[in-house]
Amino acid sequence: MKAIRGKAHKYARANIDTDVIIPGPYLKIHDHKELAKHAMEGIDPEFPAKVSKGDFLVCGRNFGCGSSREHAPIALSQTGIYAILAPSFARIFYRNSVDGGYLLPIEIEESVLENILDKDELELDFYQNKIINLTRSNESYPIKPFSDLIAKIVNAGGLMKYKR
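Owing to the predicted nature of the structure, the values given are computational and were not obtained by experimental measurement.

K.L.:
Which residues make up unusual backbone geometry, and what values go with them?
P.N.:
In this structure, Met-40 is a non-glycine residue whose phi angle is positive, near 60°. For Met-40, the position within the fold is in the loop between helix 2 (32–36) and helix 3 (47–50). Residues other than glycine seldom take positive phi values, yet Asn-138 does so here, at roughly 60°. With respect to the helices and strands, the residue Asn-138 is situated in the loop between strand 6 (130–133) and strand 7 (139–142).

Written out as structure tokens, the structure is:
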């Protein structure tokens, strides 16, 4: 997997749940682009307009807790978010993101969360398992590498492609 560059969109609070990521009234929407218009509406109604393809969401611990709705990673990926950087993830959100091939859930230390600011330009280097903060004189921070199985699923583009 090559290095990826994008802008950080930081919402540092912990326990951002799936109802905040994509509120319940929108779960009947089947058009993924339409669903994306409501991503993160529970925190920031302007979120989709701020995101460019390949950007990163930087959040507090236990991101994606709550219900197991697959709509959450779909909506975020359709806004252009490539990866979410957080100290921890709800397991069902983590697997929905990876298995569907929607997003990369990247685990970081709490101290890394404190060092990244909103709108920082970042580069994810998967070969060296680090984040390079291009805005802050190329400071670098470690990321937790994927397990062997998760790395294989990610590299395949999702669980269904991996199984083929």
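More follows now that the structure is in view.
K.L.:
I'd like to hear about helix 5 (residues 91–99), residue by residue, with values.
P.N.:
Structurally, the α-helix is built with 3.6 residues per turn, so residues lying three or four positions apart point the same way. All buried positions along helix 5 are accounted for by Phe-93, Tyr-94, Asn-96, Ser-97 and Val-98. Where helix 5 is buried, its residues contact helix 1 (18–21), helix 4 (71–79), strand 3 (81–86), strand 4 (104–107), helix 7 (148–156) and helix 8 (159–163).

K.L.:
Talk me through the pattern of salt bridges; I want residue IDs and the actual numbers.
P.N.:
Scanning the model with the defined rule gives 10 salt bridges in all. Here Asp-118 ties to Lys-119 by a salt bridge, and the two come within 3.2 Å at their closest N and O atoms. With relative accessibility at 55%, the residue Lys-119 sits in the exposed group. With its nearest N and O atoms 3.5 Å apart, the salt bridge here joins Asp-120 to Arg-136. Placement of Asp-120 in the loop between helix 6 (110–115) and strand 5 (121–125) and of Arg-136 in the loop between strand 6 and strand 7 is noted, with a sequence separation of 16 residues between them. Owing to a relative accessible area of 4%, Asp-120 belongs among the buried residues under this scheme. By relative accessible area, which is 27% here, Arg-136 ends up partly exposed.

K.L.:
So, the packing of helix 4 against helix 5: which residues are in play, and what are the values?
P.N.:
Here helix 4 crosses helix 5 at 55°, and the two axes come no closer than 9 Å. With respect to each other, helix 4 and helix 5 are oriented oblique. Of the two elements, helix 4 crosses helix 5, and the hand of that crossing is right-handed. Facing helix 4, whose interface residues are Ala-72, Pro-73 and Leu-76, helix 5 presents Phe-93, Asn-96 and Ser-97. Class assignment of the residues belonging to the contact of helix 4 with helix 5 gives a composition of four nonpolar, two polar and no charged.

K.L.:
Residues and numbers for the layout of surface pockets, please.
P.N.:
Considered as a void within the structure, the largest pocket measures approximately 390 Å³ in volume. Around the largest pocket, the lining is made up of 19 residues, and of these Tyr-82, Gly-101, Tyr-102, Leu-103 and Leu-104 lie nearest the centre. If you list the elements that add at least two residues to the lining of the largest pocket, you get helix 4, strand 3, helix 5 and helix 7. Grouping the amino acids of the lining of the largest pocket by side-chain chemistry returns nine nonpolar, nine polar and one charged.

K.L.:
Requested: an account of the packing of aromatic side chains, with residues and values cited.
P.N.:
Here the structure, examined in full by the defined rule, presents five aromatic pairs. Centre to centre, the rings of Phe-63 and Phe-93 are 5.2 Å apart; their planes meet at 80°, and the pair counts as edge-to-face. Of this pair, Phe-63 sits in the loop between strand 2 (55–59) and helix 4 while Phe-93 sits in helix 5, and the two are 30 residues apart along the sequence. When its relative accessible area of 0% is taken as the criterion, Phe-63 is described as buried. Judged by its relative accessible area of 2%, Phe-93 is buried.

Rules used throughout
- Residues numbered from 1 in each chain as written.
- Predicted model: local features only at pLDDT ≥ 70, side-chain atom pairs only at ≥ 80, totals over all residues.
- Heavy atoms only, no water.
- Helix = DSSP H or I, 4+ residues; strand = E, 2+ residues; numbered from the N terminus.
- Buried < 20%, exposed > 50% of the residue type's maximum accessible area, 1.4 Å probe, protein only.
- Contact = heavy atoms within 4.5 Å.
- Salt bridge = Lys/Arg side-chain N within 4 Å of Asp/Glu carboxyl O.
- Axes fitted to C-alpha atoms, helices over the stretch in contact; angles between N-to-C directions.
- Parallel < 35°, antiparallel > 145°, perpendicular 65-115°, else oblique.
- Left-handed = near helix turned anticlockwise from the far one by under 90°.
- Nonpolar A, V, L, I, M, F, W, Y, C, P; charged D, E, K, R; others polar.
- 1 Å grid on protein atoms, 1.4 Å probe; cavity = no way out; pocket = protein on both sides within 12 Å on 5 of 7 lines; lining within 4 Å.
- Points joined across faces, edges and corners; volume = space filled by probe spheres on them.
- Phe/Tyr/Trp six-rings, centres within 6.5 Å; stacked < 30°, edge-to-face > 60°.

What is shown is where atoms sit, not what they do.
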